[in-house]
Amino acid sequence: MELHITDIQGNLTRLKERITKVCERCNRNPAEMTIVAVTKTVPVSEILEAINQGVNNIGENRIQEAQNKFAVVEANGLQRHLIGHLQTNKVKHAVRLFDFIQSVDSVELAYTIDRKAREINKIQDCLIEVKISPEPAKFGVTPEKLEQLYAVTSKMPNLQVKGLMFMAPMVTNPNDTRPFFRQANQLFSAIIAKHGHPQGFKILSMGMSDDFEIAIEEGSNMIRIGRAIFGSS
Ligand SMILES: *Cc1c(COP(=O)(O)O)cnc(C)c1O
């Protein structure tokens, strides 16, 4: 029998040390950095261990998987993020399951979230996912259509747009993500310059296990970390 034990506590300690280091380097406050522990494919026992170690934001990318796990994973103050693509026919479940939906990328989806949230008397926190990667398979609204999507969604009564989410393309050298993160921050800043911070628009969600240091240097304040916490299965 092969026994595989992930040192979640050690991984979290090392992750926080790296965050502190990069924050020192670019003169930012580590306390302003939200870590979303990405728990897709991670068993419930390990999620509970991470929560035990102080994790209070978790991210899943499939409705069905989240449904099964969230029935067991409960904790005070736990924030649950949907970070994967959302189909309109699953919105009803998503608004019940998640505190944050990070993948709003069309007016139609936003409209459905607003309507389904209203049905259960909820104000749904969301991020708009913007596609900056040239890879064809990636979801997200194009930078050209971002302003229009923001303008429409920010008026929806049961949906609050709290910021933007980005994914960098797959690269061999993490430093190659820098121009994408920089463009992301410019798009984020442009919205704030034009509209201010209504509804608490201040989250810039970008950076994963391989590129979070670059993302933080380029202005990220929410990183989504899977493998650096839970190992690669
Ligand atoms: C899987 C995933 C992550 C985490 O990726 P790691 O490389 O394991 O840190 C972050 N964001 C999204 C949208 C993901 O699907």
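S.K.: What am I meant to see in the site of the ligand here?
M.R.: Around the ligand, the neighbouring residues are Val38, Lys40, Asn61, Ile83, Met167, Met208, Ser209, Arg224, Ile225, Gly226 and Arg227. The separation between an oxygen atom of the ligand and a polar side-chain atom of Lys40 is 2.8 Å. Isolated, the ligand exposes 390 Å² of accessible area, and the fraction of that covered by the protein chains is 91%. Residues that form the shell around the ligand fall into these classes: five nonpolar, three polar and three charged.

S.K.: Looking at this structure, I do not really get the packing of aromatic side chains. What am I missing?
M.R.: Evaluated as defined, the whole model comprises three aromatic pairs. Centroid distance Phe70 to Phe98: 5.4 Å. Interplanar angle 75°. Geometry classified as edge-to-face. With Phe70 in helix α3 (residues 63-70) and Phe98 in the loop between α4 (91-97) and β4 (100-104), this residue pair connects regions lying 28 residues apart in the sequence. On the basis of relative accessibility, which here comes to 7%, the residue Phe70 falls in the buried class. By way of ring pairs, the aromatic residues Tyr150, Phe188 and Phe201 are connected into one cluster. Its guanidinium or amino end placed over the ring of Phe70, Arg80 lies 5.8 Å from that ring's centre, counting from NZ or CZ.

S.K.: Would you take a moment to explain helix α2 (residues 44-52) for this structure?
M.R.: Because the α-helix completes a turn every 3.6 residues, residues three or four places apart line up on one side. All of the buried residues in α2 are Glu46, Ile47, Ala50 and Ile51. Down the axis of α2, the sector holding all buried residues measures 145°, keeping them to one side. Projecting away from the buried face of α2 at angles above 90 degrees are the exposed residues Ser45 and Asn52. Packed against the buried residues of α2 are α1 (8-25), β2 (57-60), α3 and α9 (227-230). Following α2 by one or two positions, Gly54 has its phi on the positive side, about 105°.

S.K.: How do you make sense of the pairing of β4 when you look at a structure like this?
M.R.: Across a regular strand the side chains alternate sides, sitting on one face of the sheet and then on the other. When you tally the buried positions in β4, you get five out of five residues, the bulk of the element. As paired strands, strand β3 (residues 79-82) and β4 are joined by two bridges and run parallel to one another. Following the sheet pairing, Leu82 is matched in β4 by Ile101. For the crossover from β3 across α4 to β4, the handedness is right-handed. The pairing of β4 with strand β5 (residues 124-130) spans three bridges and is classified as parallel. Paired with Ile101 across the two strands is Cys126, which belongs to β5. Crossover handedness for the path β4 to helix α5 (residues 107-119) to β5: right-handed.

S.K.: Would you take a moment to explain the state of the cysteines for this structure?
M.R.: If you walk through the whole model with that rule in mind, you get zero disulfides. With no disulfide of its own, Cys26 lies 5.7 Å from the sulfur of Cys23, the closest cysteine sulfur. Look at Cys26 and you get partly exposed, because its relative accessible area is 23%.

S.K.: Looking at this structure, how should I read the environment of Ala184?
M.R.: Topologically, Ala184 is positioned in helix α7 (residues 178-195). Of the residues examined, Ala184 reaches a relative accessible area of 0% and is grouped as buried. Once the C-alpha coordinates of Ala184 and Pro143 are considered, the two residues, 41 residues apart in sequence, prove to be 8.9 Å apart. Apart from residues no more than four positions distant in its own chain, Ala184 is found in contact with Ile132, Phe166 and Met206.

S.K.: Hey, could you run me through the pairing of β3 in this one?
M.R.: Bridge count between β2 and β3: four bridges; the pairing is parallel. Bridging across to β3, Gly59 finds its partner in His81. With respect to chirality, the unit in which β2 leads through α3 into the neighbouring parallel β3 is right-handed.

S.K.: I'm lost on the nonpolar core in this one. Help?
M.R.: The nonpolar side chains of a soluble globular protein tend to be buried with one another. Residues Ile101 and Ile113 are the most contacted members of the largest nonpolar core, which totals 65 residues. With seven residues, the top contributor of residues to this core is α7. Not counting residues up to four positions away in its chain, the partners in contact with Ile113 are Leu86, Val91, Val95, Ile101, Val104, Gln124, Cys126 and Leu159. In this structure, Leu127, Met165, Ile203 and Met222 belong to the second largest nonpolar core, which totals six residues.

The rules behind these values
- Residues numbered from 1 in each chain as written.
- Predicted model: local features only at pLDDT ≥ 70, side-chain atom pairs only at ≥ 80, totals over all residues.
- Heavy atoms only, no water.
- Near = heavy atom within 4 Å.
- Polar contact = N/O pair within 3.5 Å; in protein donor to acceptor, adjacent residues only side chain to side chain.
- Areas by Shrake-Rupley, 256 points an atom, 1.4 Å probe, with all protein chains shown as cover.
- Nonpolar A, V, L, I, M, F, W, Y, C, P; charged D, E, K, R; others polar.
- Phe/Tyr/Trp six-rings, centres within 6.5 Å; stacked < 30°, edge-to-face > 60°.
- Helix = DSSP H or I, 4+ residues; strand = E, 2+ residues; numbered from the N terminus.
- Buried < 20%, exposed > 50% of the residue type's maximum accessible area, 1.4 Å probe, protein only.
- Lys NZ or Arg CZ within 6 Å of the ring centre and 35° of its normal.
- Arc of directions from axis to C-beta.
- Contact = heavy atoms within 4.5 Å.
- Pairing = 2+ DSSP bridges.
- Right-handed = clockwise from strand over helix to strand, strands pointing away.
- Disulfide = S-S within 2.5 Å.
- Core = buried A, V, L, I, M, F, W, Y, C linked by side-chain atoms within 4.5 Å.

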